[in-house]
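Working through the structure, step by step
Read off the chains here:
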Amino acid sequence: MATSWRSCLTLCFLFFLASASMAQLSPSFYSLTCPTLPDVVRSEMTQAVDEEPRMGASILRLFFHDCFVNGCDASVLLDDTATFTGEKNAGPNANSLRGFDVIDDIKFAVELVCPGTVSCADILALAARDGVVQLGGPSWTVPLGRRDATTASQSAASSNLPSPDFSLSQLFSAFSAQGLSARDMTALAGAHTIGQARCVNFRSRIYNDANIDADFASQSQQNCPFSGGDDNLAPLDLQTDSEFDNAYYQNLVGFQGLLHSDQELFNNGSQDSLVQQYSTDSSTFFSDFAAAMVKMGNIKPLTGSNGEIRLDCRMVN
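As the structure is a prediction and not an experimental result, all values here were calculated from the model. (Residues numbered from 1 in each chain as written. Predicted model: local features only at pLDDT ≥ 70, side-chain atom pairs only at ≥ 80, totals over all residues. Heavy atoms only, no water.)

As for the packing of aromatic side chains
Applying the stated criterion across every chain yields a total of 16 aromatic pairs. Ring geometry for Phe 68 against Phe 175: centres 5.1 Å apart, planes inclined by 70 degrees, an arrangement best described as edge-to-face. Taken together, the positions of Phe 68 in the loop between α3 (54–67) and α4 (100–113) and Phe 175 in helix α7 (residues 168–176) put the pair 107 residues apart, joining distant regions of the chain. An identical accessibility class is assigned to Phe 68 and Phe 175; each is buried. Both rings, one in Trp 140 and one in Phe 289, keep their centres 5.9 Å apart while their planes meet at 75 degrees; by these two values the pair is edge-to-face. (Phe/Tyr/Trp six-rings, centres within 6.5 Å; stacked < 30°, edge-to-face > 60°. Helix = DSSP H or I, 4+ residues; strand = E, 2+ residues; numbered from the N terminus. Buried < 20%, exposed > 50% of the residue type's maximum accessible area, 1.4 Å probe, protein only.)

If you want it as structure tokens, here you go:
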């Protein structure tokens, strides 16, 4: 009985800590100290996405890769130095992540109106939302109040981020480790309705997988040879790669998922019915995606006196 009681107290205490952390984030966090923040970020992201629609996907991916490595703390933005190793050169990030210059531009614009006030972590969270909206996707209210990490972990970036070769069970494990459900996972995968992937990340699928539409595989092989061309790009969504819609799920139902890990969501497994629902019901997908983005944005934020407000997103103060 005593052991059971102690276990209950421990669980309650951990729940309290998690709730307290999330409670410190608020959509109105900067309402007094930087009321024009949403407008500044939106303006900069509108310009960036207008110039290059792919940038909406790139910023969204930056946010995902940030949150999955020790929380949404902008550690992914830190450059390597002679005495500091960041996350940019971890396996899943090297020669792949992009959009750092856009975040720099937004930070510069924000600093002009609210110096030393807004974290890079919050800027990234807002920019990810605004990029999705700019491409026709859903909006959501972004809780704010994150602070920036003074450390980074290349090893955690290498181990925490899902691989394009993951099985469904491996995907479950990776998302569960971040407190995200299977439904969250399948909704967040819909981010692949925009953006592109490198040949090196889908070569094995288009040459080796059996659960792939033959015409789609043949078409994809034209731009991704069996050897070489590792950096050749292909759209993650064959239909509308610059529009945030539910076509990604339609692709999966037609066995035209570009990545092995994408098609795992529709491969006679537990997520088949949800993928089918999203493929015909964009409003449910949009609603679930927005909710999952808020949930992901609440992964282990630094708040209060933890961390700092970086003046330059690429380096600690």
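As for the state of the cysteines
By definition, a disulfide links the sulfur atoms of two cysteine residues through a covalent bond. The tally for this structure, following the rule as stated, stands at 4 disulfides. What pairs with Cys 34 in a disulfide is Cys 114, and their sulfur atoms sit 2.0 Å apart. Torsion about the S-S bond of the Cys 34 and Cys 114 cystine: about 85 degrees, corresponding to right-handed handedness. Placement of the pair is Cys 34 in the loop between α1 (2–23) and α2 (37–51) and Cys 114 in the loop between α4 and α5 (120–134), with a sequence separation of 80 residues. An identical accessibility class is assigned to Cys 34 and Cys 114; each is buried. One disulfide bridge connects Cys 120 with Cys 313, the sulfur atoms lying 2.1 Å from each other. The chirality of the disulfide connecting Cys 120 with Cys 313 is left-handed, given an S-S dihedral of about -95 degrees. One end of the pair, Cys 120, is in helix α5; the other, Cys 313, is in the segment after α14 (282–297), with 193 residues separating them in the sequence. What makes Cys 120 buried here is its relative accessible area of 0%. Sequential numbering of the bridged cysteines in the protein chain gives the disulfide pattern 1-4, 2-3, 5-8, 6-7. (Disulfide = S-S within 2.5 Å.)

Quick notes on the side chain of Gln 178
Along the chain, Gln 178 falls in the loop between α7 and α8 (182–188). Looking at Gln 178, the relative accessible area reads 13%, which means it is buried. If we ignore the near neighbours within four places in the chain, the residues touching Gln 178 are Cys 67, Phe 68, Asn 160 and Ile 299. (Contact = heavy atoms within 4.5 Å.)

Comments concerning the pattern of salt bridges
Tallied over the full model, the rule gives 13 salt bridges. Notably, a salt bridge pairs Asp 79 with Lys 88, separated by 2.4 Å at the nearest N-O pair. Overall, Asp 79 belongs to the partly exposed group, its relative accessible area being 24%. Of the charged contacts, one joins Arg 314 and Asp 79 as a salt bridge, the two residues approaching to 3.5 Å between their closest N and O atoms. In this pair, Arg 314 is assigned in the segment after α14 and Asp 79 in the loop between α3 and α4, connecting sequence segments 235 residues apart. Salt bridges sharing common partners tie together Asp 79, Lys 88, Asp 104 and Arg 314. (Salt bridge = Lys/Arg side-chain N within 4 Å of Asp/Glu carboxyl O.)

Structural notes on α7
Along α7, the residues that are buried comprise Leu 168, Leu 171, Ala 174 and Phe 175. An end-on view of α7 places all buried positions within 120 degrees of arc, on one side of the element. (Arc of directions from axis to C-beta.)

Things to note about the confidence of the model for the protein chain
Of the residues in the protein chain, 93% reach a pLDDT of 70 or more, and the chain-wide mean stands at 93. Long-range and interchain partners of residues 1–23, a stretch whose pLDDT sits below 50, account for 3 contacts in this model, where long-range means more than four residues apart. (pLDDT = per-residue confidence, 0-100.)

So, the environment of Gly 254
Inspection of the secondary structure puts Gly 254 in the loop between α11 (247–253) and α12 (260–263). Judged by its relative accessible area of 31%, Gly 254 is partly exposed. Gly 254 sits 38 residues away from Phe 216 along the chain, and the two C-alpha atoms are 9.6 Å apart.

Focus on unusual backbone geometry
Backbone geometry at Phe 255 places phi at a positive 55 degrees, although glycine is not the residue there. Mapped onto the fold, Phe 255 is located in the loop between α11 and α12. With a phi close to 40 degrees, Lys 300 is a non-glycine residue in the positive phi region. Within the element layout of this structure, Lys 300 appears in the segment after α14.

Considering helix α10 (residues 214–221)
Listing the buried residues of α10 in full gives Phe 216, Ala 217 and Ser 220. Down the axis of α10, the smallest arc covering the buried residues is 100 degrees, so these residues share one side. The exposed set on the far side of α10, more than 90 degrees from its buried face, consists of Ala 214 and Asp 215. In the core, the buried residues of α10 are packed alongside α9 (199–208). Measuring from the side-chain oxygen of the N-cap residue of α10 to the backbone nitrogen of Asp 215 gives 3.2 Å; that N-cap residue is Asp 213. (Polar contact = N/O pair within 3.5 Å; in protein donor to acceptor, adjacent residues only side chain to side chain.)

A closer look at a nonpolar patch on the surface
Taken together, Phe 108, Leu 112 and Val 113 make up a surface patch of nonpolar side chains, about 340 Å² in accessible area. Position of Leu 112 relative to the elements: it lies in helix α4. (Patch = residues over 30% accessible without salt bridge, like charges linked within 9 Å, V, L, I, M, F, W, Y side chains within 5 Å. Areas by Shrake-Rupley, 256 points an atom, 1.4 Å probe, with all protein chains shown as cover.)

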